Amino acid sequence: MKKERRAFIKKITLASLASALGADIVFAKNLPKDYLPVFLEEQDSLKSLGKDAALKVLNDRPWNVETPIHLLDDKVTPADKMFVRNNGSIPEKIDVSNWSLTVKGESVREEKSYTLSELKSKFKNYTFQLTLECGGNGRGEFYPPTEGNQWGQGAVSCAMWTGIRLKDLLEDVGIKKDAVYIGYHGTDSHLSGNPNKESISRGIPIEKAMQDETLLAFQMNGREIPLVHGYPLRLVAGGYPASASGKWLKAISVRNKVHDGAKMESPSYRVPIEPIEPGTQASPENMQIIESMPVKSLITFPKSGATFPLGRNLDIRGHAWAGEYKVDKVAYSIDFGATWQSCNLEKPINRFAWQHFQASIKFPQKGYYEIWVMATDENGSSQPMVVPGWNPKGYLNNACHRIAVKVN
Ligand SMILES: Nc1nc2c(c(=O)[nH]1)N[C@H]1C(S)=C(S)[C@@H](COP(=O)(O)O)O[C@H]1N2
Ligand SMILES: [Mo]
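In what follows, the accompanying structure is described. (Residues numbered from 1 in each chain as written. Chains lettered and ligands numbered in written order. Predicted model: local features only at pLDDT ≥ 70, side-chain atom pairs only at ≥ 80, totals over all residues. Heavy atoms only, no water.)

**A few points about the site of ligand 1**
Here is step 1 of the chain: Around ligand 1 lies a shell of 18 residues, among which Phe83, Asn87, Asp188, His229 and Lys247 are the nearest.
Here is step 2 of the chain: Contacts to ligand 1 include phenylalanine 83, whose backbone N or O atom sits 2.7 Å from an oxygen atom.
Here is step 3 of the chain: Contact between ligand 1 and aspartate 188: a nitrogen atom at 2.6 Å from a side-chain N or O atom of the residue.
Here is step 4 of the chain: Here ligand 1 loses 100% of its free accessible area of 540 Å² to cover by the protein chains.
Here is step 5 of the chain: Within the shell around ligand 1, the residues separate by chemical class into 8 nonpolar, 6 polar and 4 charged. (Near = heavy atom within 4 Å. Polar contact = N/O pair within 3.5 Å; in protein donor to acceptor, adjacent residues only side chain to side chain. Areas by Shrake-Rupley, 256 points an atom, 1.4 Å probe, with all protein chains shown as cover. Nonpolar A, V, L, I, M, F, W, Y, C, P; charged D, E, K, R; others polar.)

**Considering unusual backbone geometry**
Here is step 1 of the chain: Look at the link from tyrosine 231 to proline 232: it is a cis peptide, with omega at 5°.
Here is step 2 of the chain: Along the chain, proline 232 turns up in the loop between strand 11 (223–224) and strand 12 (234–236).
Here is step 3 of the chain: In this chain, serine 266 is followed by proline 267 through a cis amide linkage whose omega measures 5°.
Here is step 4 of the chain: Mapped onto the elements, proline 267 comes out in the loop between strand 13 (249–255) and strand 14 (270–272).
Here is step 5 of the chain: For asparagine 221, which is not a glycine, the phi torsion comes out positive at approximately 50°.
Here is step 6 of the chain: Looking at where asparagine 221 falls in the secondary structure, it is placed in the loop between strand 10 (215–220) and strand 11.
Here is step 7 of the chain: Even without a glycine there, the phi angle at tyrosine 269 is positive, about 50°.
Here is step 8 of the chain: Considering the arrangement of structural elements, one finds tyrosine 269 in the loop between strand 13 and strand 14. (Helix = DSSP H or I, 4+ residues; strand = E, 2+ residues; numbered from the N terminus.)

Spatial relationships are all this shows, so hold off on functional conclusions.
See below:
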């Protein structure tokens, strides 16, 4: 907290603080002199991260910030509304003029490095809108609770990413026939401060690396990538858990086995192959790496809790996505899932981008309702109405989103 701001806040009265808060500070007289309500400190840090003040800070060491669902209403997620998930500390001094990317590993013919400007000019640039959802999105609803950030459903984004195709780079480097996986290396440091430890170094199978949409991105929504989201270079692998999309990218390892960097080991980003009893451990042999994310949808308008008059239709809208697959249909229910009506569903702008849905709902009488939405993907898989299979790290909760509405 900056000194000037502290002094400024001292001058303002507790009454005005209370109005900013929208509630009385009940034990205000006990607040130590130099203390600020935590609420204000969070707003300051959100501003320094370039985030809308309404985002929710789950953790500040490392930074983990969630987007309230009604703020995901934009078709293309703007930077200030994009969730943040960090495993280590955000890199501090980034010297772009000396930034290089090294491609190394057992399965490259020869290690090779590129400067940022070489990458940008040597290879064709592509732009795709890509869905990035944290594997732990929805974790907060698992019971018994699992360790980690207790995400609601807002750890998802779908921005426009511009960069070069990873496959073009790998072709230029020359990879051996035995390549099966790539791993990423970023410049964020481990929370322990140990420079020999990476906070996270995950990756993707070579087939995913070779897809047209897998990018080494240097722009987000037509601008340089914001620092928290991986400036100046980021791997973006849409449809996979967002942990596969390495930020602050410095090196790529081309591997002849599944990459074994930090957080590749069980149970990180893995789920049981055979279901297990909630609250128990799974043996590593019964765990598989999460690849395509499951089908899911969110109502982004109206905000849960909306009130409106009887006799008027309520137009709802939102997004649906299904990892590497297309969403085939989205349906809504206003009677707790007894009957379902279909929503209009748009096609994705490109593969691995979320799809928008709308519906116009008529309510039979005054009262409290819930609107539930359920998406089904092109393989016929639908979202469950209840929290799906418990797993030790609380991944892949794709239960139907519900909002409350009141008709007066
Ligand atoms: N270098 C690096 N890349 C990273 C991470 C990280 O901590 N360090 N977190 C991963 C995880 S777990 C997620 S969910 C996404 C979050 O991306 P965002 O913060 O841009 O929304 O980044 C991924 N890439
Ligand atoms: Mo994540």
